[in-house]
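# Architecture at a glance
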Amino acid sequence: MKNTWLRVLLPVVVVLIWLVGAAVGGPTFGRLEEVSSNDQASFLPASAESTEAGELQQQFSDSDAIPAVIVAESGSPIDPRDLGAYEDLGATLGGVEGLEPPAEGAPAVAGPIPSEDGFAVQYIAFVSSDAELAEVVTELRAVLADELPDGVTGYVTGPAGFTNDLVEAFGGIDGILLGVALGAVFVILLAVYRSIVLPFLVLLTSVFALATSILLVFGFAKLDWIQLSGQSQGILSILVIGAATDYALLLVARFREALGENETRWEAMRVAFRGSVEPILASGATVILGLLCLLFSDLNSNKSLGPIAAIGIVFSLAAALTLLPALLLLFGRAAFWPLRPRFSPEAAAGITPHHGRHAAHTGAGAETGLERLRGIWKRVALLVALRPRAVWIASLLLLVAGALGLTQLQASGVPQSALILAPSNAVDGQEALGRHFDAGSGSPVYVVAPEAEQEAALGVVTAQEGISDATVTTDSSGAAVVEDGRVLISGTLEYQADSEQAEDVVRDLRAALDDAGPDALVGGVTAVAIDTNDTALADLVRIIPIVLLVILVVLIILLRSVLAPLLLVASVALSNATALGVSALVFNGIFGFEGADASVPLFAFVFLVALGVDYNIFLMTRVREESLRIGTRPGILRGLGVTGGVITSAGVVLAATFAALGVIPILFLAQIAFIVAFGVLLDTVLVRSLLIPALAYDIGPKIWWPSKLGRVPSPR
């Protein structure tokens, strides 16, 4: 009686602990914006030239205000006599609360500045760092809508406008993203298990893992230990839901199998937990270590995503190995209602292990591995057994063909105007600005140079092709402002500040300054974009080998083999290349994207390799378990057959959750959503179902080299 009470009480206590954690962590979702930043400049390392230039540039201003470029575009030439009305509009705009003058005695809004073609006027305003940016930008746009005459359209663009629209685009992360992801997972689980109760138990596990992980992420961001951004927040949500669901499905599959072979739920859970804890922990450890490799990145956004996502995986593991077992113990067979698994004495008798060491039978009584397999997975296992070499060669050629698309991947960064996929007033305003003014207006190039080299530096900037004019920052008397022995030179770009042409101009300017001799630093929006892309590309070269090495070590320890882990790592690396190659063709030929963020290949690699290895871990740990019992080749077929359904379900769930990122109208997230979703399905359907089993079957026991299991003969 005492043991019975303890068995009931322990699951209840575990569920209550998680319930309290989720109740505290859930409301924290709404506070993440307090500790979140989407400022690209803050992502760069302190050693970047644009970072150093930006810090020196701040000495020339007492304000941290964000500039807003306001454009009024007319469908017909503006009569010079109407400029007085536009001056009145400037005064009205200057009355918007939250603006501040750039200098003492200066107006809050500079302008109107007529365009040379006479079709537009421009204003420059500065939004105070203490003001609510969204409120100020909204009010500025409202004033334009109310005050501009018919036929004239107003835009608020520049850094303030783009930041506002970017934050608005990320606004769906807490609500829409989670709703779509959870809805997709629920439908898939309902279709797979045909159970009303089980999908709720699995989703409850995922949601509680996410809610409690948010507490730690919020605390770390509050202490400035990590830098949280909109993209890392979205990826955290999707990663936790997908990973927790995957781990839950593996345990659920083992529990369902064990219920048919054990009479009590307690014994069934003991068997299921013992059989699934090792692959779940190994899978989670692989993902965590892979994500923590991002700490080697020089980009603060990448560096912070590593521990943020790792925290999410830790809580996913904890929930899958504590909360879900407790829920399954409380519900028992009712969790699978209406298709409750029944205890079968025959099944229980049929699973008695062979006690002989490495029972690789070669006599008449030997198992083939196809016993008790049914449906499509029996046919797949039979195909692997009959034509292993043809299967793995065909699979390999298909992957290589897809990987050739990598030559079309344009991951060198995109203009800021291309980041937002939803309608954006700032994007439209930037286009209007480019039609009538120097497109770089409002986002100049800044050059910080020693006072003694002012003339030389100014001469280089003025002579630089692609810069329309350059001026030295002066005081009210017209003398150059000198701070710490340096002067500040501003240059207006002829091209949109985040365009490829502008980046070429800034690169040429840096080279020209180096050749001319002035010890000058170049900063500004364009310089930040250049340094971000260059750092991201350097991260890619540095981090990929580290991730592969870490995952290889984990697999060697788990499988007690060297050859099998080498083949697994090589397969997921090739699968990643194929996913990127196919995605590049889709992005260019179907979606018509202008390119990709320089961080996309790195993020895609880390997620796909870490998550792709998950399914190989689920497969190969079961294969090794069966190989110890019935021999390598039968064990491969048996492992493939019994894990096929659960791993495919897990892959579809994970692909669906990552695909949900596509509802957020941000180019980076849309591209990550497609690449990871496609790559996970590729791993699930082709790599794990055909390539790896067929290759391992063809190699035979030597797949476990150099362990003892690799020296036990196995029949074909």
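None of these values were measured; they are calculated from a predicted model.

Bringing helix H10 (residues 300–331) into the picture now. Its 32 residues give H10 an end-to-end C-alpha distance of 45 Å, which sits within 8% of 46 Å, the value for a rise of 1.5 Å per residue. Ala319 marks the point of greatest bend in H10, at about 35°. Of all the 32 residues making up H10, 24 are buried; the element is thus mostly covered by neighbouring parts of the structure.

This part takes up unusual backbone geometry. Along the chain, Trp337 connects to Pro338 via a cis peptide bond; the corresponding omega equals 15°. Within the element layout of this structure, Pro338 appears in the loop between H10 and helix H11 (345–350). Note that the residue after Trp705, namely Pro706, is joined by a cis bond; omega there is 5°. Following the sequence through the fold, Pro706 ends up in the segment after helix H21 (667–699). The phi dihedral of Asp484 falls on the positive side, at around 55°, and the residue is not glycine. When you line up the elements, Asp484 lands in the loop between strand S6 (467–472) and strand S7 (486–493). Since its relative accessible area comes to 60%, Asp484 is described here as exposed. With a phi close to 55°, Arg560 is a non-glycine residue in the positive phi region. Mapped onto the secondary structure, Arg560 falls in the loop between helix H17 (525–559) and helix H18 (563–591).

In this section: a nonpolar patch on the surface. Side chains of Val12, Leu16, Leu19, Leu330 and Phe331 sit close together on the surface and give an oily, nonpolar patch of about 390 Å² of accessible area. Sorting the residues of the nonpolar patch by element identifies helix H1 (2–25) and H10 as the ones contributing at least two each. When residues of the nonpolar patch are assigned to their parent elements, the largest contribution, three residues, is made by H1. You can see Leu330 is positioned in helix H10.

We now examine the packing of aromatic side chains. Given two aromatic rings, their pairing is described by the distance between the two centres and the angle made by the two planes. What the rule picks out here adds up to twelve aromatic pairs. With 6.2 Å between their ring centres and 5° between their planes, Phe674 and Phe678 make a pair best called stacked. Of this pair, Phe674 and Phe678 both sit in helix H21, four residues apart, which is roughly one turn of the helix. We classify Phe678 as partly exposed; its relative accessible area is 27%. Ring-pair connections join several aromatic residues into one group, and the members of that group are Phe587, Phe591, Phe593, Phe674 and Phe678.

Moving on, we get to the pattern of salt bridges. Evaluation of the coordinates by the stated rule reveals 17 salt bridges. Salt-bridge contacts for Glu278 lead to Arg560; the nearest nitrogen and oxygen are separated by 3.5 Å. One end of the pair, Glu278, is in helix H9 (residues 265–292); the other, Arg560, is in the loop between H17 and H18, with 282 residues separating them in the sequence. Look at Glu278 and you get partly exposed, because its relative accessible area is 40%. Relative accessible area serves as the criterion here: at 43%, Arg560 is assigned to the partly exposed category. Close ionic contact of Arg629 with Glu626 constitutes a salt bridge, the shortest N to O distance being 2.7 Å. One end of the pair, Arg629, and the other, Glu626, are both in helix H19 (residues 600–630), three residues apart, so they sit about a helical turn from each other. Accessibility classification places Arg629 together with Glu626 in one group, the buried group. Put simply, Glu257, Arg622, Glu626, Arg629 and Arg638 are held in one network by salt bridges that share partners.

A few words now on the nonpolar core. Counting residues in hydrophobic clusters, the biggest one holds 155 residues, and the most contacted among them are Tyr247, Leu328, Phe607 and Phe658. Those residues within four positions of Phe607 in sequence are excluded, and the remaining contacts are Ile235, Leu239, Leu291, Leu305, Gly612, Phe658 and Val676. Of all hydrophobic cores here, the second largest spans 25 residues; its members include Tyr86, Val96, Leu144 and Val152.

In this section: the sheet that holds strand S3 (residues 120–127). The four strands lie next to each other as S2-S3-S1-S4, forming an open sheet whose pairing is antiparallel. With one partner strand each, in any of the chains shown, strand S2 (109–114) and strand S4 (152–157) form the two edges of the open sheet. The average angle at which neighbouring strand axes cross in this sheet is 15°, direction not considered. Taken together, the four bridges between S2 and S3 define a ladder with antiparallel strand orientation. For Pro114, the partnering residue across the bridge sits in S3 and is Val121. The sheet strands contacting helix H3 (residues 83–94) are strand S1 (66–74), S2, S3 and S4, and the helix crosses S2 at an angle near 155°. Each of S1, S3 and S4 touches helix H5 (residues 158–169); the most contacted strand, S1, lies at about 95° to it.

Another point: helix H16 (residues 500–516). An ideal rise of 1.5 Å per residue puts 24 Å on 17 residues; H16 measures up with 24 Å between its terminal C-alpha atoms. Where H16 is concerned, the buried positions are Ala502, Glu503, Val505, Val506, Leu509, Arg510 and Leu513. Buried residues of H16, viewed axially, fall in a sector of 160°; they line one side. Residues of H16 that are exposed and angled more than 90 degrees away from the buried face: Glu500, Asp514 and Asp515.

With that settled, the discussion passes to the confidence of the model for the protein. Mean pLDDT over the protein: 83, with 89% of residues reaching 70 or higher. When the elements of the protein are averaged for pLDDT, H11 gives the smallest value, 57, and helix H13 (residues 388–403) the largest, 95. Segment residues 351–365: pLDDT under 50, and 24 contacts once partners within four positions in sequence are set aside and those in other chains are kept.

A grouping of Glu465, Glu494, Glu500, Asp504 and Asp508 is seen on the molecular surface, where their side chains present a negatively charged patch. Inspection of the secondary structure puts Glu494 in the loop between S7 and H16.

How each quantity is defined
- Residues numbered from 1 in each chain as written.
- Predicted model: local features only at pLDDT ≥ 70, side-chain atom pairs only at ≥ 80, totals over all residues.
- Heavy atoms only, no water.
- Helix = DSSP H or I, 4+ residues; strand = E, 2+ residues; numbered from the N terminus.
- Expected span 1.5 Å × (residues − 1).
- Bend = angle between axes of the 7 residues up to and from the residue.
- Buried < 20%, exposed > 50% of the residue type's maximum accessible area, 1.4 Å probe, protein only.
- Patch = residues over 30% accessible without salt bridge, like charges linked within 9 Å, V, L, I, M, F, W, Y side chains within 5 Å.
- Areas by Shrake-Rupley, 256 points an atom, 1.4 Å probe, with all protein chains shown as cover.
- Salt bridge = Lys/Arg side-chain N within 4 Å of Asp/Glu carboxyl O.
- Phe/Tyr/Trp six-rings, centres within 6.5 Å; stacked < 30°, edge-to-face > 60°.
- Core = buried A, V, L, I, M, F, W, Y, C linked by side-chain atoms within 4.5 Å.
- Contact = heavy atoms within 4.5 Å.
- Pairing = 2+ DSSP bridges.
- Axes fitted to C-alpha atoms, helices over the stretch in contact; angles between N-to-C directions.
- Arc of directions from axis to C-beta.
- pLDDT = per-residue confidence, 0-100.
- Lys, Arg positive; Asp, Glu negative; His and termini not counted.
- Charge placed at Lys NZ, Arg CZ, Asp CG, Glu CD.

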